[in-house]
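Structural characterization, general
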Amino acid sequence: MTVRDKLTAIFADVTRRNPGEDEFHQAVREVLDSVAPALQKHPEYADAKIIERICEPERQIIFRVPWEDDRGEVHINRGFRVEFNSALGPYKGGLRFHPSVYLGIVKFLGFEQLFKNALTGMPIGGGKGGSDFDPKGRSDREVMRFCQSFMTELYRHIGEYTDVPAGDIGVGGREIGYLFGQYKRITNRYESGVLTGKGLSYGGAQVRREATGYGAVFFAEEMLHAAGDSFDGKRVVVSGSGNVAIYAIEKIHQLGGTVVACSDSSGYILDDQGIDVALLKDLKEVRRARIDAYVQARPHARFNAGRPVWEVPCQVALPCATQNEIGATDAAALIKGGCVMVVEGANMPTSPEAIRAFAAAGVRFAPGKAANAGGVAASALEMQQNASRDSWTFTHSEQRLREIMRDIHDRCHATAEEYGMPGDYVAGANIDGFRRVAEAMLAHGLI
Ligand code: NDP
């Protein structure tokens, strides 16, 4: 059996064993499509069934989360934590609160996380969790009661040496605060390293909030530099207007680019003068408003309800909202609009058809598992600071983040060249991440 045949059989088995989990299948497929050359070079990985073991999470926890709203009505949500792989360190990965969350989404995110964490070169394994709870429109008290109920089960599965959750869609500083408070109360331990993304007043780290967005832009900057170019004067489109999007926009503006459009699930805003980041932060981080409120303060801007932001012509695009937000039609619109580079701030925002279209059109493309690794890298720095009871300055932390992103970029670039696929960041990221996990798993024996 050739290596390709083996991978085809493994993928068929993954789909059979995990029925209906389309996003998980998609994430596995993308990695399996890339790693054949690594398996050819290292037959010991196949002999030890490393791929088969990687595709099966070490542990999956599903639990009931009952809570009461402000009117006294009882609600039942479902909570998840998938502890995917601990070969490189404690499970590490965020929690997502969004009505679309089910096991297949959590598994795709956990699987991606494993390779992403490996790429950072830091001692962290892969995991992910969340709930189908929808925080939109809920009061702070309701979100607090939900978080307390969620942690009342989750606490028994996590710990600074076991599993360290953080934020993701719908989970930001407010939610991490409530989760940490409940963990501390139940365990009677001030265990700072059990969660990352904490507030600066109780053990959080500088630059963690900014890290995913800033990191994606640092990665994009490295790609531009590799082609003798820079952000200076570039017209950019960013999707989403949450944590990742806001700080990506902020950093692009600092580097001389202009972000002319961003979005939320209701539509997008177009502001040819450049998105006003202070206004966006006020709307989204303070007032928790919808994106159309932007045009009330900036009347020259336009709100386009229900339209994809990818119809706006740009040179660089950063999808920073959610999975599969760029389909084949969106890719065609981006290419037609003059886009030459796509860098994923979100996890798996580009569909396989869109990735193929970009490759065919010569659009440079960076996968999220490399480009958005800045968030988890900064989380690992937060864990380091918690362990040593230290706290670093903003400037120092940002410098560390920049170095880490440069290092990830260079290794993806070099690995793609080593395997005869120059410029293929998807192959570079998948092979480099996979090799790191595989080596550690081999060393640990059959577990
Ligand atoms: P937030 O909840 O802060 O923001 C998410 C943004 O995306 C919002 O503007 C939201 O709009 C939009 N969005 C979410 N779901 C959809 C949807 N189905 N359709 C259209 N728009 C949608 O999340 P983050 O910024 O933290 O996360 C964004 C992405 O980045 C996710 O893919 C996440 O996994 C990834 N990521 C995040 C990291 C982090 O550190 N936070 C680290 C690495 C990756 P609306 O409010 O209308 O729903």
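1. As for the domain arrangement of the chain
Assigned domains of the chain: these are domain 1 (3-190) and domain 2 (211-362). Here domain 1 and domain 2 have C-alpha centroids that lie 26 Å from each other. At the junction of the two partners, domain 1 supplies 14 residues and domain 2 supplies 13 residues. Buried surface at the junction of domain 1 and domain 2, summed over both partners, amounts to about 980 Å²; 46% is from carbon and sulfur atoms. Together, Q26, F108 and R174 form the three largest contributors to the area buried by domain 1 at its contact with domain 2, with a combined 42%. Taken together, domain 1 and domain 2 are joined by zero salt bridges. Inspection of the domain 1/domain 2 interface yields three residue pairs in polar contact (both at pLDDT 80 or more). Among the secondary structure elements, those contributing two or more residues to the side of domain 1 that touches domain 2 are α2 (22-34) and α6 (103-120).

2. Re the side chain of D69
On the secondary structure map, D69 appears in the loop between β1 (59-68) and β2 (74-85). Within the local environment of D69, its side chain forms a polar contact with the side chain of H75, the two groups lying 2.9 Å apart. Beyond its immediate sequence surroundings of up to four residues, D69 is in contact with H75, R138, E142 and R145.

3. Here we look at the packing of aromatic side chains
Here the structure, examined in full by the defined rule, presents 19 aromatic pairs. On the numbers, 5.9 Å between centres and 70 degrees between planes, the contact of F219 with Y425 is edge-to-face. Of this pair, F219 sits in helix α9 (residues 208-226) while Y425 sits in helix α18 (residues 425-444); the two residues are 206 residues apart in sequence, bridging distant segments of the chain. In terms of burial, F219 and Y425 fall into one category: buried. Taken together, F63, W67, F97, F133, F146 and F150 form an aromatic cluster joined through their ring pairs. For R29, the ring lying beneath its charged end belongs to F11, and the centroid distance is 5.0 Å. The lysine or arginine in question, K251, covers the ring of Y214, its NZ or CZ lying 4.5 Å from the ring centre.

4. Some words on the site of the ligand
Taken together, 25 residues surround the ligand, and among them D168, T212, S265, R290 and N347 come closest. In this structure, an oxygen atom belonging to the ligand sits 2.9 Å away from a main-chain N or O atom of N243. N347 has a polar side-chain atom sitting 2.8 Å from an oxygen atom of the ligand. Secondary-structure elements contributing two or more residues to the shell around the ligand are α9, α10 (243-254) and β7 (258-264). Considering only residue class, the shell around the ligand consists of five nonpolar, 13 polar and seven charged. Among the domains, domain 1 (3-190) and domain 2 (211-362) are the pair contributing at least three residues each to the shell around the ligand.

5. Quick word on the pattern of salt bridges
Applying the stated criterion across every chain, the model contains 37 salt bridges. Residue D69 is joined to R71 by a salt bridge in which the shortest nitrogen-to-oxygen separation is 3.4 Å. Given a relative accessible area of 69%, R71 falls into the exposed group. For the salt bridge of R290 with D264, the shortest nitrogen-to-oxygen distance reads 3.5 Å. Pair noted here: R290 is in the loop between α11 (277-286) and α12 (294-297) and D264 is in strand β7, with a separation of 26 residues, a long-range link.

6. Notes on the sheet that holds β7
The strands that make up a sheet are held in pairs by hydrogen bonds between backbone atoms, and each pair lies either parallel or antiparallel. The seven strands are arranged β9-β8-β7-β6-β10-β11-β12 in an open sheet whose pairing can be described as mixed. What marks the edges here is a single partner per strand, and that holds for β9 (302-305) and β12 (364-366). With direction set aside, neighbouring strand axes in the sheet form an average angle of 15 degrees. Where β7 and strand β8 (residues 267-270) come together, four bridges link them in antiparallel fashion. Note on β8: the bridge partner recorded for A261 is L270.

About the criteria used
- Residues numbered from 1 in each chain as written.
- Predicted model: local features only at pLDDT ≥ 70, side-chain atom pairs only at ≥ 80, totals over all residues.
- Heavy atoms only, no water.
- Domains from an automatic or database assignment.
- Contact = heavy atoms within 4.5 Å.
- Buried area = accessible area lost by both parts, 1.4 Å probe.
- Salt bridge = Lys/Arg side-chain N within 4 Å of Asp/Glu carboxyl O.
- Polar contact = N/O pair within 3.5 Å; in protein donor to acceptor, adjacent residues only side chain to side chain.
- Helix = DSSP H or I, 4+ residues; strand = E, 2+ residues; numbered from the N terminus.
- Phe/Tyr/Trp six-rings, centres within 6.5 Å; stacked < 30°, edge-to-face > 60°.
- Buried < 20%, exposed > 50% of the residue type's maximum accessible area, 1.4 Å probe, protein only.
- Lys NZ or Arg CZ within 6 Å of the ring centre and 35° of its normal.
- Near = heavy atom within 4 Å.
- Nonpolar A, V, L, I, M, F, W, Y, C, P; charged D, E, K, R; others polar.
- Pairing = 2+ DSSP bridges.
- Axes fitted to C-alpha atoms, helices over the stretch in contact; angles between N-to-C directions.

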